[in-house]
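Residues per chain are reported as follows:
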Number of protein chains: 2
Amino acid sequence: MKKPLINTVVIIGVGLIGGSFALALKKAALVERVIGIDLDSKNLELALKLGIIDEASNSLVAGLNQANLVFIAVPACSIPDLIKRIISHIPLGCIITDAGSVKSELVNVCESLMPPGIHFVGGHPIAGTEHSGAAAAFATLYHNRRCILTPTATTDQDALNIVTALWQAAGSSVEYMDSLAHDRIFAAVSHLPHMVAFALVHAVDRSAEEEENIMAFSAGGFRDFTRIASSDPLMWRDIALMNREALLDMLDRYSMEFNNLRDRIASSDSDWLEDFFKTSKRLRDGIS
Amino acid sequence: MKKPLINTVVIIGVGLIGGSFALALKKAALVERVIGIDLDSKNLELALKLGIIDEASNSLVAGLNQANLVFIAVPACSIPDLIKRIISHIPLGCIITDAGSVKSELVNVCESLMPPGIHFVGGHPIAGTEHSGAAAAFATLYHNRRCILTPTATTDQDALNIVTALWQAAGSSVEYMDSLAHDRIFAAVSHLPHMVAFALVHAVDRSAEEEENIMAFSAGGFRDFTRIASSDPLMWRDIALMNREALLDMLDRYSMEFNNLRDRIASSDSDWLEDFFKTSKRLRDGIS
């Protein structure tokens, strides 16, 4: 029988992300025991009942002194304070890793909180569904998905190898990336589009106060286009706060394009508009 | 046997929209004969071969003198010039209707070009696919879709009733709407989102010149979100030109929301951001 790679994994935040990670490790027989910690005791009970975790702990500290690996799957802004509260209970040699969707500032803070002999590895699995909570977790969430790890000059190589192996066992393709590059890339392809969608929903709602039929016609393409505006507000608040610099840079680049387009519409610049829309189509069709 | 409602329908522009309208009328046995006119002679041959039209005409004028109804399905900006070229060949009593996705300015111009005894009815079927040309046409494109007609004080009631009956026979639910209200509504729920998507694709492409991995990560949510940026550039040029006033008003409302969001991110206003994203989610989830 294959020996589990990790004896005790502690999952903090047993929702879609944390719960699916636990199920994937269990399925791969890479973990002996999973302890779950969650502020929501009903969610924790459910996770136990569903076999996502082997033991539940309502206290942040209980169970941590046996942890070989701690997986933190809570909103990004909460992670530094959480680490401050648990770090004195973490045994030497333990690995702490996370699933936060912003990395640069977060990784810097987390690394600064690690005492010698406890290893932090920043991670961002590119996976999710529109559902949340332990009930939404499933073992194959990370299959054929990418997981980005953001090692730094001080990252422990053995810890990085272990976290890499766990994500690979969960079915993901692991990529290493500089944390600043990560944040710039996701500011462009994810955070900016979300901000645009949030603003768009507000603007259309304001207009609907004046033009009664607007909402009746919003059921078509508008609904599909703005689906991402329905994402978790607290997660997006944290992303906006923790990826501020890269996000502001992208917001301003986008504003330049948008304002230019606005002015060309105002001046009825037919040739420019045709060219701009043709280029848009070519660029969009070029995305594999 | 049920008598056809219309003897001769002339379709100008036998693509997805014009071709599907012809097929739907034939299927409903509401038309005796369909004549197709198209600048693209290969497309016209195909339409004949596929049974979409009964006769093909490479000339704009041929066939028009027998028309009882002319359906214009060409880009909106081309419609006024097209009408100027054909109007002297249209027999008295004929109805001219269109499928342009902007209405106010277009309907005003078209009505001003009608001699006494020829009746214009502005229309906008809310239907389409990502494909174009006669090959893409099918008889059920308009099934369970809405078709907006924009009658004015001078619209002939009998002509309006006939055009209504044809769209209903094609499977659509017909709604009458003031043409200015139409343009304001579609500026909000369709034209603004398209402009946003066009600008977004440009902004991300500019950033990709500096950050090589951006396009590699654009295959996920970004691709779905920007699908509408792949729409027909010429159609969107015409919409931007012909719905300028209502569109500029919406672009500016949206900019206010977006710039406000940008400033709150810059000042790390956590409570405001949480509230803004929560409201976005509530508004978006409220769309049926």
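Residues numbered from 1 in each chain as written. Chains lettered and ligands numbered in written order. Predicted model: local features only at pLDDT ≥ 70, side-chain atom pairs only at ≥ 80, totals over all residues. Heavy atoms only, no water.

**A look at the relation of the copies chain A and chain B**
Both copies of the chain are related through a single rotation about an axis accompanied by a shift along the same axis. Each copy superposes on the other: chain A lies on chain B with an RMSD of 0.0 Å after a rotation of 180° and an axial shift of 0.0 Å. Both chain copies can therefore be described as sitting about a two-fold axis. The rotation axis passes nearest to the C-alpha of F225 of chain A in chain A, at a distance of 2.9 Å. Here 100% of the contact residues of chain A are again contact residues in chain B; the copies associate through an equivalent surface. (Least-squares fit on C-alpha atoms with pLDDT ≥ 70 in both. Contact = heavy atoms within 4.5 Å.)

**What about the pattern of salt bridges?**
All names here are of chain A. By the definition in use, this model includes 36 salt bridges over all chains. Measuring nitrogen to oxygen at the nearest pair gives 3.7 Å for the salt bridge that ties D81 to K84. Of the two residues, D81 and K84 are both situated in helix 3 (residues 79-86); the distance of three residues between them amounts to about one turn of the helix. A salt bridge links R237 to D238, with the nearest nitrogen and oxygen atoms 3.0 Å apart. (Salt bridge = Lys/Arg side-chain N within 4 Å of Asp/Glu carboxyl O. Helix = DSSP H or I, 4+ residues; strand = E, 2+ residues; numbered from the N terminus.)

**Quick look at the state of the cysteines**
Residue and element names in this part refer to chain A. In total, this model carries zero disulfides over all chains according to the counting rule given. Here C77 is not disulfide-linked; the sulfur of C110 is the nearest cysteine sulfur, at 11 Å. According to the relative accessible area criterion, C77 is partly exposed, its value standing at 29%. (Disulfide = S-S within 2.5 Å. Buried < 20%, exposed > 50% of the residue type's maximum accessible area, 1.4 Å probe, protein only.)

**Structural notes on the confidence of the model for chain A**
The predicted model of chain A has a mean per-residue pLDDT of 94, with 98% of residues at 70 or higher. Confidence metrics for the complex model read pTM 0.89 and ipTM 0.90. (pLDDT = per-residue confidence, 0-100.)

**Examining the interface of chain A and chain B**
Taken together, the contact pairs 81 residues of chain A with 81 residues of chain B. Both faces considered, chain A and chain B share a buried interface measuring about 7800 Å² in area, 70% of it formed by carbon and sulfur atoms. Three residues, F217, F225 and R284 of chain A, lead the burial of chain A against chain B; their summed loss comes to 10% of the area buried on that side. Where chain A touches chain B, the interface holds 10 salt bridges. A salt bridge links E257 of chain A to R206 of chain B, with the nearest nitrogen and oxygen atoms 3.4 Å apart. (Buried area = accessible area lost by both parts, 1.4 Å probe.)

**Some details on unusual backbone geometry**
All names here are of chain B. Phi angles above zero are rare outside glycine, and A29 is one such case at about 55°. Looking at where A29 falls in the secondary structure, it is placed in the loop between helix 1 (16-27) and strand 2 (31-37). A29 sits in the partly exposed class, given a relative accessible area of 36%. Positive phi values are uncommon outside glycine, yet S268 reaches one of about 50°. Looking at S268, the relative accessible area reads 31%, which means it is partly exposed.

**Topic: the sheet that holds strand 3 (residues 55-57) of chain B**
All names here are of chain B. Strands sit in the order 3-2-1-4-5-6 across an open sheet of six strands; the sheet is parallel. Two strands in the sheet have a free side with no partner beyond their single neighbour: strand 3 and strand 6 (119-121). This sheet shows a mean twist of 20° between the axes of neighbouring strands, independent of strand direction. Strand direction decides the pairing type here: strand 1 (residues 6-12) and strand 2, joined by six bridges, are parallel. Along strand 2, the bridge assignment pairs V10 with I35. (Pairing = 2+ DSSP bridges. Axes fitted to C-alpha atoms, helices over the stretch in contact; angles between N-to-C directions.)

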